[in-house]
There are 2 protein chains.
Amino acid sequence: MADIDALRAKMKTIGDHVRTLKAQGAPKEQVDAEVAKLQEAKKELSESTGEPLGEEKGKKGRMALKTPKGTRDWAPSDMALREHIFSTLARVFKKHGGSNIDTPVFELKEILAGKYGEDSKLIYDLQDQGGELCSLRYDLTVPFARFLAMNPTQYANIKRYHIAKVYRRDQPVMTKGRMREFYQCDFDIAGHYDSMVPDAEILCIVCEALTELEIGDFTVKINHRKILDGIFAVCGVPAQKIRSISSAIDKLDKLPWVEVRKEMTEEKGLDPEVADRIGKYVMLKGGPELLDRLKKTELANNKMAKQGMDDMELLFAYLDVYGISDKMSFDLSLARGLDYYTGIIYEAVTQASAPPGFSTIPPVPPPESQANGSHAGPSAPSSKPPKKSKKDAEGEEEVDETTVGVGSIAAGGRYDELVGMFLSAASGASGSAKKAAGIPCVGISVGVERVFSILHQKSKHDEESRWGRSKETEVFIVAVAEGLLPERMKLAKELWDAGIKAEFMQKAKPKFRAQFDLIDKERVPFAVLLGPDELKNGIVKVKVQKGKDETKEDEGEVVKRDDLVSWLKQRL
Amino acid sequence: MADIDALRAKMKTIGDHVRTLKAQGAPKEQVDAEVAKLQEAKKELSESTGEPLGEEKGKKGRMALKTPKGTRDWAPSDMALREHIFSTLARVFKKHGGSNIDTPVFELKEILAGKYGEDSKLIYDLQDQGGELCSLRYDLTVPFARFLAMNPTQYANIKRYHIAKVYRRDQPVMTKGRMREFYQCDFDIAGHYDSMVPDAEILCIVCEALTELEIGDFTVKINHRKILDGIFAVCGVPAQKIRSISSAIDKLDKLPWVEVRKEMTEEKGLDPEVADRIGKYVMLKGGPELLDRLKKTELANNKMAKQGMDDMELLFAYLDVYGISDKMSFDLSLARGLDYYTGIIYEAVTQASAPPGFSTIPPVPPPESQANGSHAGPSAPSSKPPKKSKKDAEGEEEVDETTVGVGSIAAGGRYDELVGMFLSAASGASGSAKKAAGIPCVGISVGVERVFSILHQKSKHDEESRWGRSKETEVFIVAVAEGLLPERMKLAKELWDAGIKAEFMQKAKPKFRAQFDLIDKERVPFAVLLGPDELKNGIVKVKVQKGKDETKEDEGEVVKRDDLVSWLKQRL
């Protein structure tokens, strides 16, 4: 509440200031600037309280001027950063032979049905306006599996990437970046290949992508669904409770063991002894040496767990070849929510994305600290859920936590049966009969909003940041006197035709100062000055914009009009 | 029907062939190839008849494996072309100082209400699942105006572009490319500027964009809403009929005058004499000289028309400066359907996009053929609507005609009151009171599906086309013998880290031939061969893939393993 009170006080101060300025007859620009500040503060308050802005309260007869709940507009400066993220990811994906595909924003309702467990209630449906029933896509994985099932011969082997928006009717928390419309960037390898070869390459892609995005240190937590299933089996979890217990386990990155144990025993009715047996396993984490220890436990006698451990052993060998083993943390508490995973699962976390007071990077303990069966808890136990991450001054932070869990910035796993499920359902065969005809897949989804938030935070510390400009204009053509509109147009057209990004002020007789204000505001690197004398002599003056103060001293360099394009091209 | 019968016959032939091959025990590849052809033909038939595919008829208990009606998936080879179109357009837009923005796929229902006239029935609504009522966006213009109305101070002046999907519940005609989900690429200039300066730049952008896309010859039809309103006024159209008469006029690019006249008089009850008076005007087309002629008519006494003609005169002067006047056709039959236009309107058409037997490029007649009041009809009068354009063999043609009319590939106009409408509605003021507070805008929307269709058609004539590859892999690492999986992985990682696009076959012991089949299929330019001898001697062999036959003769060039990255980088 302190923050909110402070905001209200701030708004009052600015409001008073605006009234004073108006009373004094201050210049319009000055008043507008203050009004803009006031609107910013109002917006911040609205986001903090969750209440609509004053003018949007939908008073009788008034239209609410806003985007739908849980969605937002992306302004030009945000888009520059978002495009940088997309192009970086696309570059990494293409390096690995990725092909790009696109699918419709909505799918037939039945395509999405039964794929997301309890989260199915978050699916957006289109209104029944006659014809097919459709829903907005919830992720990019199910549409990809549907695509493969429709083209099983042509795309029996494909590395595909897909960068697109997905939709979840979750309770939005804008300050935590939990949005109802958000981007996912997915890379998946489909096809019958030798064990763990595609899986290792996906993890390699995760590491390359996060490194190239420069988001800082990260760790990839990995686990295997079959090892988890083996643990549940040897600990004595009843089959019908496996899904719900797995969901509880998945919260160990946000909650301490005591809370998770309580959920398992009190809410979900698990025998406390079984819970403690599970606890013995799921709080273990480490590297390949953890496999050796697991092999000495009763897990070694469970067929499922054995398969999972064999997979992990091979995977670790390949990760060594790729030189990325040091980024991995074999973490038995990682469970992942979705129904369709069948093999290895993973989540990338970064220190920068950890909520305050709770580390999401599990430090890899030295082997000696992991005595057989020791209960190594999460690194910073806490008796309450982590605090919301702090919202920045512009309310810009956009974190997608619904996709990847709190703090994780990429997540995925192997899903070998999803395509087969579609093929079986379409042919009318009973589930298992056609499973063999499916296409095994493994993939990763990068949570762009989270990455955006981290990079946006970083760029704010850097005034000269490349994300600060809202457009890429290289040259601004300035009329020194007399308007000279046709002459400015003609020069602009020459520059455009030469591929140079150029603008001029769209007024017949612009003021000299107004033109330079635009140049300063947009940080346009070159100003080309046109005047009657220059035109007569076939020259222009070019000022190179180095910084606000230097500009004013600089008289500008004289360049022949006919040489201007090549002069600029050399310098751009 | 002839086409459909031919398709059914073709399917039967292929079907028989498949059965014969199976009976003969032909190789799986051969059978698969025939089955793929059969599926292609089925798809074509389904698209021609509008009936679902045989296996998708939704038999009891079976899931329909398809995308929703009017939508489609975009395969990798299509995506390469689509991305080329997007990046070309973005480059042109940025050259003109364009800033990129993004808005949500859905808007509050009331934001879209009352903006699209009769077409409002085509808006997709989201189901009421509690909370706000929302609709999928119908275009990018209304969301942009809403964005400006929400940020009127910060974005009082902006050149923005937006490339995104829009949604229309129209009756889809896949063969004509009328889709329910399709892309628009919009560029708009918002702000109070001097008359016709931004308008001329928008037309300049249209010409640059279509030239850079290499879609062939094009013409931009231009007209002015105020001239049209003046014509309706002087001809005596009752005020309440203006919208519907304007819609009829807009069909003159698809229908001959006699049909349009019939619609106006018989369907819409216009006095035949009024219709003939309109006809005298709306069939005129030409260049700036047409303005001189109009000024000698009764239009000169109509205030609205006078304003429009003054605008056009200034516009022509600016178009001359930009050197693009020869691309323009001042065409009084152009009306444009949407409600919100207030000034100049335009549509770009290309010969390549004309339906058979009907030219959409109106040849600019020499001035002498345009005797005062002559009834120059469309160039190829026809008594029936144009035939559907022919679908190509893969059923790939994707033309968006709902956005831009038959044959047009870009369209737009000036809309000075839309932002003001939002501001008024949000403040609760009566419409006109706040109009002055709005932001005038002018913009263009490029119909990507149409451009795609033209370029796709062109690329099919060119085997070596740059759009033929579904991915960009530059190097394929081949095991000559013994699998050598870790060695291939290690080399791949080196290449990835150097930014080189590399792949290898994800098998422990791949067959030599199978690896080269992939290289041939994907036309990967470099094959790097690894064998035990090469490894021992610290070398690799590199084969440059020139063409299928040459490859087999080529023994490959020997390159030192340590020099491989720099060797490749020089050649990529």
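Just above sits the structure.
Attention in this report is confined to the structure presented alongside it.

Rules of the game
- Every chain begins its residue count from 1, and numbering advances along the sequence as written.
- Note on labels: chains are lettered from A, ligands numbered from 1, in written order.
- Thresholds applied to this predicted model are a pLDDT of at least 70 for local features of residues and 80 or more for the giving and counting of side-chain atom pairs; totals over whole chains, interfaces and linings are not thresholded and use all residues.
- Note: side-chain values were computed over all heavy atoms of the structure, leaving out hydrogens and water.
- Elements are defined by DSSP. Helices are runs of H or I of four residues or more, strands are runs of E of two residues or more, and each kind is numbered from the N terminus.
- Remark: exposure states derive from per-residue accessible area (1.4 Å probe, protein chains only) relative to the maximum for the residue type, with buried under 20%, exposed over 50%, and partly exposed in between.
- The Shrake-Rupley method, run with a 1.4 Å probe, gives the accessible areas here. Residue values count only the displayed protein chains as cover.
- A pair of strands is considered paired only if DSSP assigns at least 2 bridges between the two.
- Contacts were defined at the residue level, with two residues in contact if any of their heavy atoms lie within 4.5 Å.
- Think of each axis as a best-fit line through the C-alpha atoms, taken over the contacting stretch in the case of a helix, with angles from 0 to 180 degrees between the N-to-C directions.
- Fitting of the copies onto one another was done by least squares over C-alpha atoms, counting residues only where both copies have pLDDT of at least 70.
- Between 30 and 60 degrees the pair is tilted, below 30 it is stacked and above 60 it is edge-to-face, where a pair is any two Phe, Tyr or Trp rings, Trp via its six-membered ring, whose centres lie within 6.5 Å.
- In what follows, roughly perpendicular refers to angles from 65 to 115 degrees, roughly parallel to angles under 35, roughly antiparallel to angles over 145, and oblique to any angle outside these ranges.
- The handedness criterion is simple: a crossing whose near helix is rotated anticlockwise from the far helix by less than a right angle is left-handed, and one whose near helix is rotated clockwise is right-handed.
- Residue type decides the class: Asp, Glu, Lys and Arg count as charged, Ala, Val, Leu, Ile, Met, Phe, Trp, Tyr, Cys and Pro as nonpolar, and the leftover types, Gly among them, as polar.
- Only four residue types enter the tally: Lys and Arg on the positive side, Asp and Glu on the negative side, with His and both chain ends excluded.
- Each reported salt bridge corresponds to a side-chain nitrogen of Lys or Arg within 4 Å of a carboxyl oxygen of Asp or Glu.
- Any pair of N or O atoms that falls within 3.5 Å is considered a polar contact. Within protein, one atom must be able to donate a hydrogen and the other to accept it, and sequence-neighbouring residues count only if both atoms are side-chain atoms.

Time to look at the overall build of chain A. A count of helical and extended segments in chain A gives 20 helices and 16 strands. Taken across its 572 residues, chain A has 56% of its residues classed as buried. For chain A, the accessible surface area stands at approximately 23,600 Å², while carbon and sulfur atoms represent 51% of it.

In this section: the sheet that holds strand β5 (residues 181–190) of chain B. Residue and element names in this part refer to chain B. On the basis of which strands lie adjacent, the open sheet formed by nine strands has the order β1-β4-β5-β11-β10-β9-β6-β8-β7 and mixed pairing. Strands at the two margins of the open sheet, each flanked by one partner only, are β1 (99–100) and β7 (285–286). Contacting β4 (158–167), β5 and β11 (441–447), helix α3 (residues 76–95) crosses the sheet at an angle of about 5° to β5. Contacts from helix α6 (residues 197–212) reach β4, β5, β6 (218–224), β8 (328–331), β9 (344–350), β10 (408–415) and β11 within the one sheet, and its direction differs from that of β6 by about 160°.

Mapping one chain copy onto the other needs a rotation about an axis and a shift along that axis. When chain A is fitted to chain B, the residual RMSD is 0.2 Å, and the transformation amounts to a turn of 180° plus an axial shift of 0.0 Å. Accordingly, the operation relating the two chain copies is best matched by a two-fold axis. The fraction of interface residues of chain A whose copies in chain B are also interface residues reaches 98%, indicating that both copies meet through the same surface.

For the rest of this paragraph, the subject is the pairing of strand β15 (residues 539–544) of chain B. Every other side chain in a regular strand lies on the same face of the sheet, so the side chains alternate between the two faces. Residue and element names in this part refer to chain B. Where strand β14 (residues 526–530) meets β15, four bridges bridge the pair, whose relative direction is antiparallel. Bridge pairing in β15 links L529 to K541. Pairing of β15 with strand β16 (residues 557–560), which is carried by four bridges, proceeds in the antiparallel orientation. Its bridge partner being in β16, I539 is matched across the sheet by K560.

Our focus in this paragraph is the environment of V18 of chain B. Residue and element names in this part refer to chain B. Positionally, V18 belongs in helix α1 (residues 2–23). Taking the C-alpha atoms as reference points, V18 and Q30, twelve residues apart in sequence, are found 9.0 Å from one another. Residues in contact with V18, not counting those within four places in the same chain, are V31, E34 and V35.

For the rest of this paragraph, the subject is the packing of aromatic side chains. In this structure the tally under the stated criterion is 30 aromatic pairs over all chains. Consider the rings of F93 of chain A and Y161 of chain A, whose centres lie 5.6 Å apart with planes at 45°: the pair is tilted. Within this pair, whereas F93 of chain A is found in helix α3 (residues 76–95), its partner Y161 of chain A is found in strand β4 (residues 158–167), the two being separated by 68 residues in sequence. No difference in accessibility class separates F93 of chain A from Y161 of chain A, as the two residues are buried. Ring geometry for F106 of chain A versus Y167 of chain B: centroids 5.9 Å apart, planes at 50°, classification tilted. Within this pair, whereas F106 of chain A is found in strand β2 (residues 106–108), its partner Y167 of chain B is found in strand β4, the two belonging to separate chains. A residue is classified by how much of its surface remains accessible, and F106 of chain A, at 1% relative accessible area, is buried. Put simply, the rings of F93, Y161 and F187 of chain A pair up and form one aromatic cluster.

All right, on to the packing of helix α5 (residues 141–150) of chain B against helix α13 (residues 418–427) of chain B then. Residues and elements named next belong to chain B. As a packed pair, α5 and α13 sit with axes 8 Å apart at the nearest point and diverge in direction by 55°. Taken together, the axes of α5 and α13 are oblique relative to one another. Crossing angle aside, the handedness with which α5 passes α13 is right-handed. The residues of α13 that touch α5, namely those facing T141, V142, A145, R146, L148 and A149, are L418, V419, F422 and L423. Residues belonging to the contact of α5 with α13 are distributed by class as follows: eight nonpolar, one polar and one charged.

Take helix α9 (residues 257–267) of chain B next. Residue and element names in this part refer to chain B. For α9, the complete set of buried residues consists of W257, V260, E263, M264 and T265. Packed against the buried residues of α9 are α8 (242–249) and α10 (272–282). Remark: G269 follows α9 within two positions and exhibits a positive phi of approximately 65°.

Now for the environment of L108 of chain A. Looking at the secondary structure, you find L108 of chain A in strand β2. Looking at L108 of chain A, the relative accessible area reads 6%, which means it is buried. In the structure, L108 of chain A is positioned 29 residues away from R137 of chain A in sequence and 9.3 Å away in space, judged by C-alpha atoms. Discounting chain neighbours no more than four positions away, the residues touching L108 of chain A are E132, L133 and C134 of chain A together with A64, K66 and P68 of chain B.

Where the residue is not glycine, phi is negative for most of them; where a peptide bond is considered, it is trans in most cases. Residue and element names in this part refer to chain B. Although it is not a glycine, M196 adopts a positive phi angle of roughly 70°. Tracing the backbone through its elements, the reader meets M196 in the loop between β5 and α6. Judged by its relative accessible area of 3%, M196 is buried. Phi at L484 is positive, roughly 50°, even though this residue is not glycine. Checked against the element boundaries, L484 lands in the loop between β12 (475–479) and α15 (485–497). By relative accessible area, which is 10% here, L484 ends up buried.

Moving on: the side chain of D331 of chain B. Residues and elements named next belong to chain B. In this fold, D331 is placed in strand β8. Despite its burial, D331 remains without a salt bridge, the nearest opposite charge being carried by K285 at 4.3 Å. Within the structure, the side chain of D331 is placed 2.6 Å from the side chain of S333, a separation counted as a polar contact.

Okay, the sheet that holds strand β13 (residues 502–504) of chain A next. All names here are of chain A. On the basis of which strands lie adjacent, the open sheet formed by five strands has the order β13-β12-β14-β15-β16 and mixed pairing. Because the sheet does not close on itself, it has two edges, and the strands there are β13 and β16 (557–560). This sheet shows a mean twist of 30° between the axes of neighbouring strands, independent of strand direction. The strands touched by helix α20 (residues 564–571) are β12 (475–479), β14 (526–530), β15 (539–544) and β16; relative to β16, the strand with the most contacts, the crossing angle is about 125°.

All names here are of chain A. Of all seven residues that make up strand β6 (residues 218–224), seven are buried, and the element is covered over most of its length. Of the two faces of β6, the one carrying F218, V220, I222 and H224 and the one carrying T219, K221 and N223 are both buried. Bridge analysis of β6 against strand β9 (residues 344–350) gives seven bridges, and the strand direction is antiparallel. Opposite V220, over in β9, you have A348 as the bridge partner. When β6 meets strand β8 (residues 328–331), the two strands line up parallel, connected through three bridges. Opposite I222, over in β8, you have F330 as the bridge partner.

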